[in-house]
Amino acid sequence: STPHDPAAGNATPGAAAWAASGYALRQVRRMARRADDWREHDLTGRFDLGAPRDELTELADTLDRMLDRIAQAILTERRLTDEVAHELRTPLTVIRSEAQLAQLGDAAPTESLEAIVAATDRMTASIDTMLAVARSAHADDDGCAMRDVLGQLVAHGSARDDVAVVAETPAETDTVAAPLRVVAAAAVP
């Protein structure tokens, strides 16, 4: 039998730990490079390593869920940007057209000026709505009563000659899952 060297016996577990930690760090570096590449090129990239089996697959699962939330936030921001552009272009087009008509003398100046004022009011309302939507994500105002929404719509429709609003009285419990200002502003156009 050979004598037992305590120092030699400890080398094997140390080497195994060193190899395991090296493997884990290489995997983490690989994941970081993949995520960095996705950041530049692809919002849909995921690790997709399946159900967590160890610390690395748990990290990948956590990062996949975080990437899902980030991608959703970016897509929501893009939709909001598109909506902002649309909502601001429409009244700007009216303002420009009415101003050009007034310059040509084809329309009575007061009619053009009234149309310009109405378009600027609409643009102001659009901006206020977009700010309210942006702020509502952080507000405690989660909803509103349907009767309040209908009241806003009836008041707005009554102010116009070309709009007639007929509303049935909703039940007291009917609610909308958004702040009143946002719902009314979205429904008015």
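Quick note: structure is the one above.
Here's what I pulled together on the structure shown here. The model shown is predicted, which means the values in this text are computed figures rather than measured ones.

### Side note on the overall build of the chain
Right, on to step 1. Within the chain, the regular secondary structure consists of five helices and two strands.
Right, on to step 2. For the chain, the N- to C-terminal ordering of α and β elements is α-α-α-β-α-β-α.
Right, on to step 3. Here the chain holds 189 residues, and the buried ones make up 20% of them.
Right, on to step 4. Approximately 13800 Å² of the chain is accessible, and the part contributed by carbon and sulfur atoms is 57%.

### Points about the side chain of Thr57
Right, on to step 1. Looking at the secondary structure, you find Thr57 in helix α2 (residues 55-104).
Right, on to step 2. Ignoring any residue separated from it by four or fewer positions in sequence, one finds Thr57 in contact with Leu49, Ala51 and Pro52.

### Observations regarding the nonpolar core
Right, on to step 1. Counting five residues, the largest nonpolar core is built from Met31, Trp38, Phe47, Ala60 and Leu67.
Right, on to step 2. Of all the secondary structure elements, the ones that give two or more residues to this core are α1 (6-41) and α2.
Right, on to step 3. If we ignore the near neighbours within four places in the chain, the residues touching Leu67 are Trp38, Gly45 and Arg46.

### Thoughts on unusual backbone geometry
Right, on to step 1. The residue Asp48 is not glycine, and still its phi comes out positive at about 45°.
Right, on to step 2. In this fold, Asp48 is placed in the loop between α1 and α2.
Right, on to step 3. Assessed through its relative accessible area of 61%, Asp48 is described here as exposed.

### What about the pattern of salt bridges?
Right, on to step 1. For the structure on display, the rule yields two salt bridges.
Right, on to step 2. Close ionic contact of Asp68 with Arg46 constitutes a salt bridge, the shortest N to O distance being 2.6 Å. Of the two residues, Asp68 sits in helix α2 while Arg46 sits in the loop between α1 and α2, which places them 22 residues apart along the sequence.
Right, on to step 3. According to the relative accessible area criterion, Asp68 is partly exposed, its value standing at 42%.
Right, on to step 4. For Arg46, a relative accessible area of 14% corresponds to the buried category.

### Considerations on α2
An α-helical segment advances 3.6 residues per turn. Residues three or four places apart therefore align on the same side.
Right, on to step 1. Compared with an ideal rise of 1.5 Å per residue, which puts 50 residues at 74 Å, α2 spans 73 Å between its outermost C-alpha atoms and is within 8% of the ideal.
Right, on to step 2. Within α2, burial applies to Leu56, Thr57, Ala60, Asp64, Leu67, Ala71, Glu87, Pro91, Ile95 and Glu98.
Right, on to step 3. If you check the start of α2, you find a side-chain oxygen 3.1 Å away from the backbone N of Leu56, and it comes from Asp54.
Right, on to step 4. A positive backbone phi angle near 80° is found at Gly105, which sits one or two residues after α2.

### A few points about a positive patch on the surface
Right, on to step 1. A cluster of basic side chains, namely Arg26, Arg29, Arg30 and Arg33, defines a positive patch on the protein surface.
Right, on to step 2. Relative to the elements of secondary structure, Arg29 occurs in helix α1.

### Describing the environment of Ala186
Right, on to step 1. Among the secondary structure elements, Ala186 is positioned in helix α5 (residues 180-187).
Right, on to step 2. In this structure, the C-alpha to C-alpha distance between Ala186 and Ser126, residues 60 residues apart in sequence, is 8.7 Å.

### With respect to the side chain of Asp64
Right, on to step 1. By the secondary structure assignment, Asp64 is in helix α2.
Right, on to step 2. For the buried Asp64, no salt bridge is present, and the opposite-charge side chain at shortest range is Arg46, 5.0 Å distant.
Right, on to step 3. A polar contact of 2.8 Å, which involves the side chain of Asp64, links it to the backbone nitrogen of Phe47.
Right, on to step 4. Setting aside residues up to four positions removed in sequence, Asp64 forms contacts with Arg46, Phe47 and Asp48.

### Overview of a nonpolar patch on the surface
Right, on to step 1. Together, Val154, Val163 and Val165 line one region of the surface with nonpolar side chains, adding up to about 170 Å² of accessible area.
Right, on to step 2. Given a relative accessible area of 31%, Val163 falls into the partly exposed group.

Parameters at a glance
- Residues numbered from 1 in each chain as written.
- Predicted model: local features only at pLDDT ≥ 70, side-chain atom pairs only at ≥ 80, totals over all residues.
- Heavy atoms only, no water.
- Helix = DSSP H or I, 4+ residues; strand = E, 2+ residues; numbered from the N terminus.
- Buried < 20%, exposed > 50% of the residue type's maximum accessible area, 1.4 Å probe, protein only.
- Areas by Shrake-Rupley, 256 points an atom, 1.4 Å probe, with all protein chains shown as cover.
- Contact = heavy atoms within 4.5 Å.
- Core = buried A, V, L, I, M, F, W, Y, C linked by side-chain atoms within 4.5 Å.
- Salt bridge = Lys/Arg side-chain N within 4 Å of Asp/Glu carboxyl O.
- Expected span 1.5 Å × (residues − 1).
- Polar contact = N/O pair within 3.5 Å; in protein donor to acceptor, adjacent residues only side chain to side chain.
- Patch = residues over 30% accessible without salt bridge, like charges linked within 9 Å, V, L, I, M, F, W, Y side chains within 5 Å.
- Lys, Arg positive; Asp, Glu negative; His and termini not counted.
- Charge placed at Lys NZ, Arg CZ, Asp CG, Glu CD.

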